[in-house]
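These are the residues of each chain, in order.
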Amino acid sequence: MNEQSDGRLVEVNGVEKVFHRGSEEIHVLRDLNLTVASGEFLALMGPSGSGKSTLLNLIGGLDRPSKGKVSIAGERVDELPDRRLADWRARHIGFVFQLYNLLPVLTAERNVELPLLLTHLSRAERKKHVETALGMVGLAPRARHYPRTLSGGEQQRVGIARAIVTDPTLLLCDEPTGDLDRKSGDEILSLLQALNKEQGKTIIMVTHDPHASARATRTLYLDKGQLSTEPVK
Amino acid sequence: MKFFHLIWSNLKRRKLRTMLTLLSVFVAFLLYGLLCTIKEAFTAGVTMAGADRLIVRHKVSLIMNLPVTYQARMERIPGVAAAMHWTWFNGIYQNEPKNFFGSFPVEPAALLAMYPEYLLPESQKQAWLKTRIGAMAGRTLADRFKWKIGDRVQLTSPIWPRKGDQPWEFELVGIYEGAKKGTDTSGFFFRYDYFDEARVYGEGLVGWYVARVTDPERAAEVAKAIDAEFANSPYETKAEPEGAFAQGFVQQIGSIGTILIAILTAVFFTILLVAGNTMAQAVRERTEELGVLKAMGFTNGLVLVLVLAESCLIAAAGGLTGLGTAWLVTVGGSPVPAILPVFYLPPEALMVGAGFVGLLGVLAGILPAVQAMRLRIAEALRRTA
């Protein structure tokens, strides 16, 4: 997949997301518009419950908008049927989660290999890709370690290696430093910054932390379901 | 195969729970294998019965005897190709009640002609015909007492004492093999002429007859003709197909098949609940992980297959080991040869058992697998957050 000729990779137009709790309707996103250029490192900030993660889920094809369009490189993600959406995610999206979400029963290398199981790569090719990804996050020596034997920062680096191992178009990070101490958090942010600058990865990162958003090339603020360039007062 | 490691690793997540579930499935299928063996042991007579053979016994009861002269009359009835007689001897070896086995005075040539499934070398057959006190034992029986050709075997019978209050003495001249796996090779046969002459009472009487019909399709008609031949005599008969006779014999201790099905149904239902509960718990615990897999691009169908494969792997590991163990237990032979001479796990039962293993895996895993398939990614990930 390639970005459009004008460099726009992500386009969110007039998106609304409504959740239902009994008879109550909760409008999480209201007529939201967003454009992210290819190679951009965007930080999304906002108070809890402002809809940051919901927006990230819509961009990543994990959920569907109640109204509006979500296009990634010109492809209408919100219109893809479930099966094709899963294939699309496998090829184009890498997720990094706040709590790392590694499978505790698998070693670091087996965790990183998981997205590659959906490809037609041979075992040897998968191994090579895994080694490369773990090398990029500086964890090659700990490839055979289980998550429980790794620190939080190391686990998140494994999570990042898993997200980039398929060389996705877009990296979506949901509070990637939210569960880490400052030092480990900085290391992760440096890593994401390097992926953006050196590898040209487009990254959208949800965060509460102004220190984290400072590493991004652009920061947007979400409040009451709408985006703005200014922090919420 | 590339997903095998993932499936296997998930099973190792809760080792104790997996082991206990495996053990339950193992015990269930071991029990299945052993019960099938016992059923086969009880009903071997039915399954091995010849379609062209009729059993002709006294109309009142099997324990009442018939005249030996009936054989010639029976052979004259249209549709009867041959007839031979049996008598229950109830022989005991070395005066030890536990050394009991089926023993019968017969006419050797007639027996071997009627039962082609008893395989006896020609030289041994000739020796039997020449030796008045000669006897033929089945392979299972000979192995049980470590008899070999030429051995002298002394038996006593609480029914048929020998004149002079002597034990019955035989010379083992033949050891027969079974033509099929289920052929009973635990019998002991000796010559009727020797028996009839030496017994204290009952001269000229036999236990029952076996008649071979020329056309199995007409067996019922011939049975009626035999009964009609001996109607209104002091020794009226009841003729019936060998299979029905064996079935009736087995049913004296109840319907083995019904008992077997009842036990196995209870066992399988319990195991289904145990395995199903294990899988349901496993899926519940991994909601977030399943959400992550789906976020990566694992399709709903693939998640369904992975959970089902996990369930089938538990069923296969426990079930096939159970069936294999049952086979190993039975391959060594009967632990009670006097009661259950035919003791083996039929290959058909093994195949049906393997089918049950697959069915258990699918049934135990299907609900959790559907639950995992329907899991919405955003909701699953929200649980983590």
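Nothing here was measured: the structure is a model prediction, and the numbers come from that model.

Thresholds, definitions, all that
- Residues numbered from 1 in each chain as written.
- Chains lettered and ligands numbered in written order.
- Predicted model: local features only at pLDDT ≥ 70, side-chain atom pairs only at ≥ 80, totals over all residues.
- Helix = DSSP H or I, 4+ residues; strand = E, 2+ residues; numbered from the N terminus.
- Rg over C-alpha atoms; globule rule 2.2 N^0.38 Å.
- Buried ≥ 20, exposed ≤ 12 C-beta atoms within 10 Å, placed from the backbone.
- Contact = placed C-beta atoms within 7 Å.
- Nonpolar A, V, L, I, M, F, W, Y, C, P; charged D, E, K, R; others polar.
- Pairing = 2+ DSSP bridges.
- Axes fitted to C-alpha atoms, helices over the stretch in contact; angles between N-to-C directions.
- Core = buried A, V, L, I, M, F, W, Y, C linked by C-beta atoms within 7 Å.
- Parallel < 35°, antiparallel > 145°, perpendicular 65-115°, else oblique.
- Left-handed = near helix turned anticlockwise from the far one by under 90°.
- Expected span 1.5 Å × (residues − 1).
- Arc of directions from axis to C-beta.

A.B. asks: I'd like to hear about the overall build of chain A, residue by residue, with values.
C.D. replies: Of regular secondary structure, chain A possesses seven helices and 10 strands. Taking 17 Å as the expected radius of gyration for a compact globule of 233 residues, we find that chain A reaches 17 Å, a close match to that expectation. Referenced to the eigenvectors of the C-alpha coordinate spread, the extents of chain A come out at roughly 50 × 40 × 40 Å. The proportion of buried residues among the 233 residues of chain A is 48%. Counting contacts in chain A only where the partners sit at least 6 residues apart, residues at least 24 apart contribute 71% of the total.

A.B. asks: Explain the interface of chain A and chain B to me, using residue names and the numbers behind them.
C.D. replies: With 22 residues of chain A at the interface, the matching set in chain B holds 21 residues. Those elements that provide at least two residues to the side of chain A that touches chain B are helix 1 (52-59) and helix 2 (82-92) of chain A. Broken down by element, the side of chain A that touches chain B gets its largest block of residues, six residues, from helix 2 of chain A. Considering only residue class, the side of chain A that touches chain B consists of 12 nonpolar, four polar and six charged.

A.B. asks: Requested: an account of the sheet that holds strand 13 (residues 237-241) of chain B, with residues and values cited.
C.D. replies: Note on sheets: strands pair through backbone hydrogen bonds, and any given pair is parallel or antiparallel. All names here are of chain B. Spatial ordering of the open sheet is given by 3-12-1-13, a layout of four strands whose pairing is antiparallel. Of all the strands in the sheet, the pair left with one neighbour each is strand 3 (80-86) and strand 13. When strand polarity is set aside, the average angle formed by the axes of neighbouring strands in this sheet is 25 degrees. Pairing between strand 1 (residues 53-58) and strand 13: five bridges, direction antiparallel.

A.B. asks: Lay out the nonpolar core in plain terms, naming residues and giving numbers.
C.D. replies: Judged by nonpolar contacts, the single largest core of 107 residues is most densely connected at A:L44, A:A161, A:M205 and B:V25. Per-element tally for this core: the top contributor is helix 12 (residues 300-331) of chain B, with 10 residues. Apart from the residues within four sequence positions on either side, B:V25 is in contact with B:I271, B:A275, B:I314, B:A315, B:G318, B:G319, B:G322 and B:L360. If you look at the next biggest cluster of nonpolar residues, it comprises 54 residues, including B:Y70, B:Y118, B:A135 and B:F245.

A.B. asks: An account of the sheet that holds strand 9 (residues 218-223) of chain A is needed here, citing residue identities and associated values.
C.D. replies: All names here are of chain A. Strand order in the open sheet formed by six strands is 6-7-8-3-9-10, and the pairing between neighbours is mixed. Each edge of the open sheet is held by one strand with a lone partner, namely strand 6 (93-96) and strand 10 (226-228). In this sheet, adjacent strand axes meet at a mean angle of 20 degrees when their direction is disregarded. With four bridges joining them, strand 3 (residues 41-45) and strand 8 (residues 202-206) adopt parallel strand pairing. Its bridge partner lying in strand 8, A43 is registered against M205.

A.B. asks: Can you lay out the packing of helix 12 of chain B against helix 13 (residues 347-374) of chain B for me, pointing to particular residues and giving the numbers?
C.D. replies: All names here are of chain B. Helix 13 packs onto helix 12 with a crossing angle of 150 degrees between their chain directions and a minimal axis gap of 7 Å. Between helix 12 and helix 13, the angle is such that the two are roughly antiparallel. The interaxial crossing formed by helix 12 with helix 13 has right-handed handedness. In terms of residue class, the contact of helix 12 with helix 13 is made up of 22 nonpolar, seven polar and one charged.

A.B. asks: Which residues make up helix 4 (residues 123-136) of chain A, and what are the values?
C.D. replies: Residue and element names in this part refer to chain A. Helix length check: helix 4 (14 residues) gives 20 Å between terminal C-alpha atoms against 20 Å at 1.5 Å per residue, within 8%. Among all positions of helix 4, only H129, V130, A133 and L134 are buried. For helix 4, the buried positions fall inside an angular range of 130 degrees around the axis, keeping them on one side. Exposed side of helix 4, more than 90 degrees from the buried face: A124, E125 and K128 are the residues found there. The inward-facing, buried residues of helix 4 abut helix 3 (108-113) and helix 5 (152-164). Downstream of helix 4 by one or two residues, G138 has phi in the positive range, about 75 degrees.

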